[in-house]
Amino acid sequence: MEDEYGYMEEEEEWDREGLLDPQWEKQQKKTFTAWCNSHLRKTGPQNQIENIEEDFRNGLKLMLLLEVISGEHLPKPDRGKMRFHKIANVNKALDFIASKGVKLVSIGAEEIVDGNTKMTLGMIWTIILRFAIQDITVEELTAKEGLLLWCQRKTAPYKNVNVQNFHLSWKDGLAFCALIHRHRPELLDYYKLSRENPLENLNTAFDIAEKHLDIPRMLDPEDMVNSAKPDERSVMAYVSSYYHAFSGAQQAETAANRICKVLKVNQENERLMEEYERLASDLLEWIRRTRPWLENRTTDNTLPGTQRRLEEFRDYRRKQKPPKLEDKAKLENSFNTLQTRLRLSNRPAYLPTEGKMVSDIANAWKGLETAEKGFEEWLLSELQRLERLDHLAQKFRHKCEIHEEWAAGKEDMLQSGDFKRCRLNELKAMKKKHEAFESDLAAHQDRVEQIAAIAQELNSLDYHDVATVNARCQKICDQWDVLGQLTTKRRDGLEEAERILERIDHLHLEFAKRAAPFNNWMDGAKEDLLDMFIVHTTEEVQGLIDAHEQFKATLGEAEGEYQTIVGLVTEVQRLGQQFGITPPDNPYTTLHAQVTCYSLLVNLPFLVVFIFPLTSFYPHFSTVEKIVQESMIFENRYTQYTMETLRVGWEQLLTAIARNMNEVENQILTRDSKGISEAQMTEFKASFNHFDKNRTKRLEPKEFKACLVSLGYKIRDDPQGEADFQRIMSIVDPNRCGYVTFDAFLDFMTRETTDTDTADQVMQSFKILAGDKPFITAQILRQELPPDQAEYCIQRMAPYTGRDAIPGALDYMSFSTALYGESDL
Amino acid sequence: MAQFSVQLHRPPGTLWGFRLQGGRDFSSQLSVKKIENGSPAQGQLLPGDEIIGIGHTSTNGLTHMEANSLIKAAGNVLHLTIVRGPSQDFSHIKPTGPIKFSPWKYNQQQQNHY
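Remember, it's a predicted structure, so these values are computed and weren't measured experimentally.

Cut-offs and rules
- Residues numbered from 1 in each chain as written.
- Chains lettered and ligands numbered in written order.
- Predicted model: local features only at pLDDT ≥ 70, side-chain atom pairs only at ≥ 80, totals over all residues.
- Heavy atoms only, no water.
- Helix = DSSP H or I, 4+ residues; strand = E, 2+ residues; numbered from the N terminus.
- Buried < 20%, exposed > 50% of the residue type's maximum accessible area, 1.4 Å probe, protein only.
- Contact = heavy atoms within 4.5 Å.
- Areas by Shrake-Rupley, 256 points an atom, 1.4 Å probe, with all protein chains shown as cover.
- Core = buried A, V, L, I, M, F, W, Y, C linked by side-chain atoms within 4.5 Å.
- Buried area = accessible area lost by both parts, 1.4 Å probe.
- Salt bridge = Lys/Arg side-chain N within 4 Å of Asp/Glu carboxyl O.
- Polar contact = N/O pair within 3.5 Å; in protein donor to acceptor, adjacent residues only side chain to side chain.
- Nonpolar A, V, L, I, M, F, W, Y, C, P; charged D, E, K, R; others polar.
- Pairing = 2+ DSSP bridges.
- Expected span 1.5 Å × (residues − 1).
- Bend = angle between axes of the 7 residues up to and from the residue.
- UniProt positions renumbered as here; feature names shortened; annotations may be inferred.

S.K.: Got a minute to help me understand the overall build of chain A in this structure?
M.R.: Across its full length, chain A holds 26 helices and 9 strands. Relative to its full complement of 825 residues, chain A shows a buried share of 43%. Of the contacts made within chain A by residues no fewer than 6 positions apart, 70% connect residues no fewer than 24 positions apart. For chain A, the accessible surface area stands at approximately 44500 Å², while carbon and sulfur atoms represent 52% of it.

See the structure below:
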């Protein structure tokens, strides 16, 4: 019954024999026959029926039909031709139907065996309803309503189609066409159709369905158009075939998609694993190569050579290391992403090969950084040392230069015999000069000692050119010794010369003291002697002879005096000769002793003393000492430990940023995979943050515990509760880091929702493609999957060896579990 | 983590009833994925158990199929050395129903630094 709008009512029970419209009966006969044959033909064309009220009468084909559509086996039919055999067979069929939960009211095997059309049709309808329509589920509706909803959903885009029921809505054929076009648009040109041509529309739809969808014709277009209201059951039977064809295809598509997705995930995971292994190998290899270089502590002991090594190190830090740091971050992120993906698809965690574990990489990297730091420290201290050495060597050379300049010509000066040819006052001046020199020398002692000390230090610090240094130092020291000796010698010489000259001076003075009066006497005597005396008397002669005798008496004395004076001169000469000194002239007198002939009785030498004014001069030495205050404080231009801290800090920041981004990506991945909404995610984050008091993005165990309790977990305050909590901690913190990250927290909170058994899902998908069989063929795989995935499966699937195997059967079950590295034992 | 041996017995012609997963070729530890109810493995093995030895052979470095073959070759008496972590069953302390987030979270919106 329906109202004037043709809206749906509740399912009609089949036993409306009284109300069955003859026209409907006609339609139903045609339709149900076709429907039954669409199943029976699968067992062979000979099993099809022609006459629905006749061909089911012995129950055999009825049982066969039920076997085909259910996929199950019925009890063996009785092969006899007697009526009771037939009734028994029909009963077997009816029992089977009843066993499927259908209440068969007033249907009897006898009526069927007798060929009661209405009963037969009713029974067939029951079968159709139960096996083709009952199990349809679309959104929340089932069976007839579900089927109707399916039609409405699928034809919704077609404005000239309005499916409200299973009779009038289908009369103009557009609904059938729309269903076809919706799923297989290439099969007809929908928009050329019009409701003015119902016959054409219906024929088009039925033809296409038969040819391309393997749905035999079940409805008669003439009947559809001519009847005021087509038979609802017939339409439903036929439409249900469309449903199974298309949704079956849909299911297959979904199954194929799932398989592809899983394969893709697998292949992507394999790729990530390979990439991880490769990156790990490369990085470890690079570290292996680089460490010895950083541990090499040899230099050529020169400043430029060592500075070159510093430049090399700088280059390493600036150009070689950053890409490797990136690689390391990439490696970490790759590992985390991989583990997240595995965890989300319920696969076991990834275990890298030996030597490439995360800990191995971390240790190797740490070793590298330690070597790096050690190298830099060593290099800088080497540079310090070498700079200091260089500096010292400079200082050494400078001091040597100054000293050598000062010492130039001193040897010659000291060895000069000038003091042997000078006057006494000159000598005294020289002596004073020498004294001054001696002080100067003493002062320079210090300098020489410093030079020697520096040379010593250069030796002990292993300066590269100690040979030159030592040679120069030796030369200076040797010269110093010589200067010392020469100085002493000169002093001695000067002192001796002084003594002699003083003695000579004394002698000169004596001479002068004596020579003058003597000379006077002599002059007088000479005068007297040279005088012309006129003598008149003997007394005068006697007087003269007496005077002369007197004079002669004094001669002895004068002779003595003369000898003494001459002796003085001789002594001076002798002294000069003895000591190699050129005696100066007598400054006290111009007289000089000279030999006169005795005839005059006296021959007194005249000593002429020339007094040469000695102009002496002291060379004016101004020695300007360049005093170089050299700072002993070595400025450590190269040890920029603050730079070091910055650089390390920068590297850590870059790594942390990359890691952060990776964390966020993985969180999104996690959220999507677990089907957590953004709102829920926010709630989880808020809970976590509330207990993360010090904002470290980690929860300490007691914070985590408080969090769980606040979310309703019953963790008791006793040993049992503690044991429970420790179990939880071993799951959320398996590596015993001592803290719980947000990821681990989220994972734990949502673990129930993702407890899926994905190998089974894949198996299910294959089963759908295989048409519910326990094996699949290469043909189906190539039909349903993209070519490369199909070949992937075909290559890897083992042959199926069950009892019901056909040639070329492939075992998708073991393949599914093997995809996940799983097998059933 | 506790390590111990188990010995499984089965009637001839039956399966052990557990699913093996992992192996060197899958870059993961060999372990038990799930147990069929009523199988010989039930009660002896638990999901998550890591298999480190089959008979006298260590599983270190074995591929999945190698381990599989070893188990099959053991016949009807199977010795396994397993490592088992603590139980992951928290049904007695988990809250029932959907998670109730606490009301203080509304104050956290300003301080949400995550």
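S.K.: Would you explain the nonpolar core in this entry?
M.R.: If you look at soluble globular proteins, the nonpolar side chains tend to sit buried side by side. Residues and elements named next belong to chain A. One finds Trp-35, Ile-124, Ile-127, Trp-170, Phe-176 and Tyr-242 to be the most contacted residues of the largest nonpolar core, which totals 78 residues. Per element, the largest residue contribution to this core is 11 residues, and it comes from helix α6 (residues 117-133). Not counting the four nearest positions on each side in its chain, Ile-124 is found in contact with Phe-32, Cys-36, Ile-52, Phe-56 and Leu-62. Counting residues in each nonpolar core, the second largest holds 53 residues, with Ala-364, Leu-383, Ala-407 and Cys-473 among its members.

S.K.: What am I meant to see in the interface of chain B and chain A here?
M.R.: You'll often see interface size given as the accessible area lost when the parts meet. Each partner contributes residues to the interface: chain B has 39 residues there, and chain A has 50 residues. When chain B packs against chain A, close to 4200 Å² is buried across both sides, 54% of that on carbon and sulfur atoms. On inspection of chain B and its partner chain A, the count reaches 3 salt bridges. The residue Glu-822 of chain A makes a salt bridge to Arg-19 of chain B at a minimum N-O spacing of 3.1 Å. For the pair chain B and chain A, the number of links is 12 residue pairs in polar contact (both at pLDDT 80 or more). Looking at side-chain class alone, the side of chain B that touches chain A contains 14 nonpolar, 17 polar and 8 charged residues. Pairing analysis gives 3 bridges linking strand β9 (residues 822-824) of chain A to strand β2 (residues 18-23) of chain B, with the strands arranged antiparallel. If you follow Asp-824 of chain A over to β2 of chain B, its bridge partner there is Arg-19 of chain B.

S.K.: Please clarify how helix α12 (residues 303-344) of chain A should be interpreted in this entry.
M.R.: Helical geometry: 3.6 residues make up each α-helical turn, so side chains three or four residues apart lie on a common side. All names here are of chain A. Counted at 1.5 Å a residue, the expected span for α12 with its 42 residues is 62 Å, and the 59 Å between its end C-alpha atoms agrees. At Lys-321, α12 shows its maximal bend, which comes to roughly 45°, and the proline Pro-322 appears one to four places after that position. The N-cap of α12, judged by a side-chain oxygen 3.1 Å from the amide nitrogen of Gly-305 a few residues on, is Thr-302. Of the residues flanking the end of α12, it is Asn-346, one or two places downstream, whose phi is positive at about 60°.

S.K.: Can you walk me through the environment of His-434 of chain A in this structure?
M.R.: Residues and elements named next belong to chain A. Topologically, His-434 is positioned in helix α15 (residues 424-460). By relative accessible area, which is 4% here, His-434 ends up buried. The spacing of His-434 and Arg-490 is 56 residues in sequence and 8.2 Å in space, taken between C-alpha atoms. Sequence-distant contacts of His-434, defined by excluding residues within four places in its chain, comprise Leu-414, Thr-487, Arg-490, Arg-491 and Leu-494.

S.K.: Looking at this structure, I do not really get the UniProt feature "domain: EF-hand" (unreviewed entry) in chain A. What am I missing?
M.R.: UniProt marks residues 679-714 and 720-755 of chain A with the feature "domain: EF-hand" (unreviewed entry), using the numbering shown here. As annotated, residues 679-714 of chain A has a helix share of 64% and a strand share of 6%, and its two end C-alpha atoms lie 25 Å apart.

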